[in-house]
Amino acid sequence: PHITCARGVPPPRRETTLSAAMPGDKGRDGSPARDKWQRAISKVAASTAIAEENPATGERFARIVYERTFVDTVNKQRAFLAAFGQRSLHNQLSSKSLKLDSGRDLETELEDAGTDEVGALSTPNVDPNGVSPPEDKAERVARFVKVQKSLKGDGFAVCSAYSRNFEYDPNLTFKVSQFARTLFYECIPPGLNWFVCVGTEMLFFEHTFKEATCSASARGFILPIFIFAPIQPLFKRLCRFFGTMEGQPGFFFFFFYFFGFWCFFPICAVALSAEVREYIEPLELVPMLVLQCGRMLCIACKYALLPESYVNDRYGKMYRPMKVTDMGRTLVAGGWNKAKDEEHFDMLKMELENACIQADVDLSNTEINVGSVEAAAVIRFRSRGIGERSRASADKAPEVVSGKELLAALTDVHMGAPMPPYMEPGIMLFAVLFSLTSPIMRAWCGRPMFGATHLSKAASAFLMMYSWFIFANNMTFSASGAWHYKRQYNAMLSLNNMVRFPGEPLTNFLPDVPLGPKGKVSPDQEPAELRQLRQKVAQNPDLAFIVDLKDPASCLCWSLVRRSLRRIGSSWGRRMNAYSVIFLMMSFASAGMLLMLYYGADQFDHRLATSGSFYVLSICISFLVCTTVIEAAAINEMVPKLRSSLKRETVAIAAQMAYLDVPKVRTDVDRKEEEQLHSAHRLIESVEQYILVEEEHSEPVEVFFKVNATPAAVTFVVSSLLSMLLIAMQRGFTMMDSEGWSYSGPQGQFTRDPTVEP
């Protein structure tokens, strides 16, 4: 049929139409000319009524074109681009500027910024007194952490120019192979584990000798080559030959080698020497072995949950020469607990981008009104250039920030907070108490604390030292889980406070005052704008972040920031979840051993040192497990409170709309207000329902693998562990009070007085 064009639009010339249909013809922007012509005609047909010679044909053509272009048109709107970030990101990475805005890769950009040979950012403009240049590392990282195609070839990944060949994988999987081989390697004594690791990687996983030695070094398996440290030329050659990580300090060798030796020496001494068994019974080694098994399982879970770019047998970073700082960013205590440390200061930005991919959101073009110019300025200072809006947009609406700026500020303030200063000394104190339990119990029974012979003294000393190390190591893992959930709770609470009066105080987000050359607080070292902002906040302490959800842009941005914030540190969260399972098993094992000691006293001989160690171990581990579950449950408990506040908002809006429906003379202002209230009411209700579905039903915070962190889980854990401990204590007191049992035997052995009737 003959197709007419809209009024005022000349029909296309036949030669133009034919040339557009020619295959291989390209437009100026590289797209086929046929597609350009179809898009142009579709746009005209969809926007203009076609009613010339054949109205029915023209209307049908316009309707068909409109239906075909409607979905694409809607998907390109700001709300859909923000709510479906992976689609938006796919379009960006499919364009010509695949790498960076300049079209060059990360390494080229980093070299222009000034880097040394190993990839660490050099600071040629640093003042000799320690003053940083105007653009410090935290600000420059906003440009050098990017989302690109994954090394696996499918999906996206987050990479950083500050850590070559290492990327965050949004679709992290549990790698059974890495779990099994790591658990096997950790069972081997130090020194020998290097040979076992290298041999296994070469024979079963087809790695070269160089790759296998790098893998062993990355796992902390080393040979005693540190004895050649005084001969530096020979020592450096040995380090290169055996694939030792670059930058390993001397104590690193001592730490990984001798602490492992201290574990196996008491075991061998007790097994082979009767004189040692006179002072250290075999059951006294069980608490240490329980902790050792917990450590091995934690390390195995770590490698099972690391990204493919680090552990993959084909291109993994651990099979290549690397630095100690590269390994440091995979540790819990030295990495995630110190996320803003100098050695991996780009970690939070990588976590932020990874969370956005996992949440499937794009916060780049979202905007949120935080209530005041001062509040927006604090967010900009805290975000360090991440998600920064253009200067023109900031000047036009100074109280508005982007969603990515708000997410970066929340991440920096709360998720990047280090462990409280009292936690590490507290862990060390309890570790010392646990390691001294056995010697004190021996002295309580009138026996030497560390034995009487040289071999027994050495075995007792090594047992005490390794018990201190392994207890502190396990408690750090367990406390890190509780601290991870506590940080997430603080971040979510801060975001919730922003939509409730009186809001979130600005003082919680102000950057710390920089330190001067001698480590003293020096406000003169910070920008003048920040000093003025501090003065304004000090003069008006009531300044706070206030987000009005009746603003559609702010409501959408707030909900998407919330969705992303819940996924910050998700890979570490999965590791903490695995740790919770391990420590729950350790708690039940320790409490179960106490029950076995008392209920099986006729079959198993034990001493006061053994039962005392199990009591301390059971109480400490049970306490930390319960603390972890309580902190995780607190996050889920916030959801009903937030939904209640959102419901109050919708009730107020519904009441205002009811007032507008009262019969009266309706003005255009009233109609416009009613339309805006209807839109706000629907949007807030949608956000509330989405929070219900996702945070309560679909993806709540979980512990113990797949158990929702709820008060029921807390009750189960606390009641179960407490019941086992109380039953064991009650059984012990009953046996000693009425059945004639006591720790009065040789070396404090639990024996029964035959003269006492049961």
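Residues numbered from 1 in each chain as written. Predicted model: local features only at pLDDT ≥ 70, side-chain atom pairs only at ≥ 80, totals over all residues. Heavy atoms only, no water.

Caption draft 1: Here's a closer look at the sheet that holds strand S1 (residues 145-149). Strand order across the open sheet formed by three strands is S1-S2-S3, with antiparallel pairing between neighbours. Of all the strands in the sheet, the pair left with one neighbour each is S1 and strand S3 (163-168). Mean inter-strand twist for the sheet, computed between neighbouring axes without regard to direction, equals 35°. Here strand S2 (residues 156-160) runs beside S3; their pairing, made up of three bridges, is antiparallel. Bridge assignment links Cys159 to a residue of S3, and that residue is Glu167. Packing against the sheet, helix H17 (residues 347-359) makes contact with S1, S2 and S3, and its axis sits at approximately 170° to S2. (Pairing = 2+ DSSP bridges. Helix = DSSP H or I, 4+ residues; strand = E, 2+ residues; numbered from the N terminus. Axes fitted to C-alpha atoms, helices over the stretch in contact; angles between N-to-C directions. Contact = heavy atoms within 4.5 Å.)

Caption draft 2: Just the nonpolar core, in detail. Counting residues in each nonpolar core, the largest one holds 165 residues, and the members touching the most others are Tyr310, Trp336, Phe509, Phe545, Trp558 and Tyr579. It is helix H26 (residues 608-660) that contributes the most residues to this core, 21 residues altogether. What Tyr310 contacts, discounting residues up to four positions off in sequence, is Phe166, Ala218, Tyr303, Gly316, Lys317, Met318, Met322, Asp326, Met327 and Thr330. Ala212, Leu223, Ile225 and Cys239 belong to the second-largest nonpolar core, a separate cluster that totals 13 residues. (Core = buried A, V, L, I, M, F, W, Y, C linked by side-chain atoms within 4.5 Å. Buried < 20%, exposed > 50% of the residue type's maximum accessible area, 1.4 Å probe, protein only.)

Caption draft 3: Quick look at the environment of Lys349. Mapping Lys349 onto the fold places it in helix H17. Of note is the side chain of Lys349, whose polar atom sits 2.7 Å from the side chain of Glu353. (Polar contact = N/O pair within 3.5 Å; in protein donor to acceptor, adjacent residues only side chain to side chain.)

Caption draft 4: Main features of helix H21 (residues 423-444). Helix length check: H21, at 22 residues, gives a terminal C-alpha distance of 30 Å against a target of 32 Å (1.5 Å per residue), a fit within 8%. At Thr437, H21 is bent by approximately 40°, the largest bend along its length, and proline Pro439 sits one to four residues beyond. Regarding H21, the residues found buried are Met423, Ile427, Ala431, Phe434, Ser435, Thr437, Ser438, Pro439, Met441 and Arg442. Turning to H21, the residues buried within the fold contact helix H14 (286-304), helix H22 (454-497) and H26. (Expected span 1.5 Å × (residues − 1). Bend = angle between axes of the 7 residues up to and from the residue.)

Caption draft 5: Spotlight on the side chain of Asn312. Looking at the secondary structure, you find Asn312 in the loop between helix H15 (308-311) and helix H16 (324-328). A polar atom in the side chain of Asn312 sits 2.8 Å from the side chain of Glu308.

Caption draft 6: How the structure looks around the pattern of salt bridges. Counted by the stated rule, this structure contains 24 salt bridges. For the salt bridge of Arg643 with Glu696, the shortest nitrogen-to-oxygen distance reads 3.6 Å. Here Glu696 lies in helix H27 (residues 668-698) and Arg643 lies in helix H26, a separation of 53 residues in the sequence. Note on Glu696: relative accessible area 27%, which makes it partly exposed. In this structure, a network of salt bridges that share partners links the residues Arg562, Arg563, Arg566, Arg567, Glu694, Glu695 and Glu699. (Salt bridge = Lys/Arg side-chain N within 4 Å of Asp/Glu carboxyl O.)

Caption draft 7: Region of interest: a nonpolar patch on the surface. On the surface, Val718, Leu722, Leu726, Met729, Phe733 and Met736 cluster together into a nonpolar patch covering about 520 Å² of accessible area. Tracing the sequence through the fold places Leu726 in helix H28 (residues 711-738). For Leu726, a relative accessible area of 49% puts it in the partly exposed group. (Patch = residues over 30% accessible without salt bridge, like charges linked within 9 Å, V, L, I, M, F, W, Y side chains within 5 Å. Areas by Shrake-Rupley, 256 points an atom, 1.4 Å probe, with all protein chains shown as cover.)

Caption draft 8: Spotlight on unusual backbone geometry. Here the residue pair Phe501 and Pro502 is connected by a cis peptide bond, since its omega of 10° sits within 30 degrees of zero. Inspection of the secondary structure assignment puts Pro502 in the loop between H22 and strand S6 (504-505). We note that Glu206 has phi near 60°; this positive angle belongs to a residue other than glycine. Along the chain, Glu206 falls in the loop between helix H9 (192-204) and helix H10 (209-218). Assessed through its relative accessible area of 73%, Glu206 is described here as exposed.

Caption draft 9: View of a positive patch on the surface. On the surface, a cluster of positive charge is made up of Lys210, Lys236, Arg237 and Arg240. Sort the elements by how many residues they give to the positive patch and helix H11 (residues 232-241) lands first, with three residues. With respect to the secondary-structure elements, Arg240 resides in helix H11. (Lys, Arg positive; Asp, Glu negative; His and termini not counted. Charge placed at Lys NZ, Arg CZ, Asp CG, Glu CD.)

Caption draft 10: Examining the packing of H22 against helix H25 (residues 570-599) more closely. Where H22 meets H25, the closest approach of the two axes is 9 Å, and the angle between their N-to-C directions is 130°. Considering their axes alone, H22 and H25 lie oblique with respect to each other. Crossing geometry of H22 relative to H25 is assigned as left-handed. Here Asn474, Phe477, Ser478, Ser480, Gly481, His484 and Tyr485 of H22 lie close against H25, whose contacting residues are Gly573, Met576, Asn577, Tyr579, Phe583 and Met586. Residue composition of the contact of H22 with H25, by class: six nonpolar, seven polar and no charged. (Parallel < 35°, antiparallel > 145°, perpendicular 65-115°, else oblique. Left-handed = near helix turned anticlockwise from the far one by under 90°. Nonpolar A, V, L, I, M, F, W, Y, C, P; charged D, E, K, R; others polar.)

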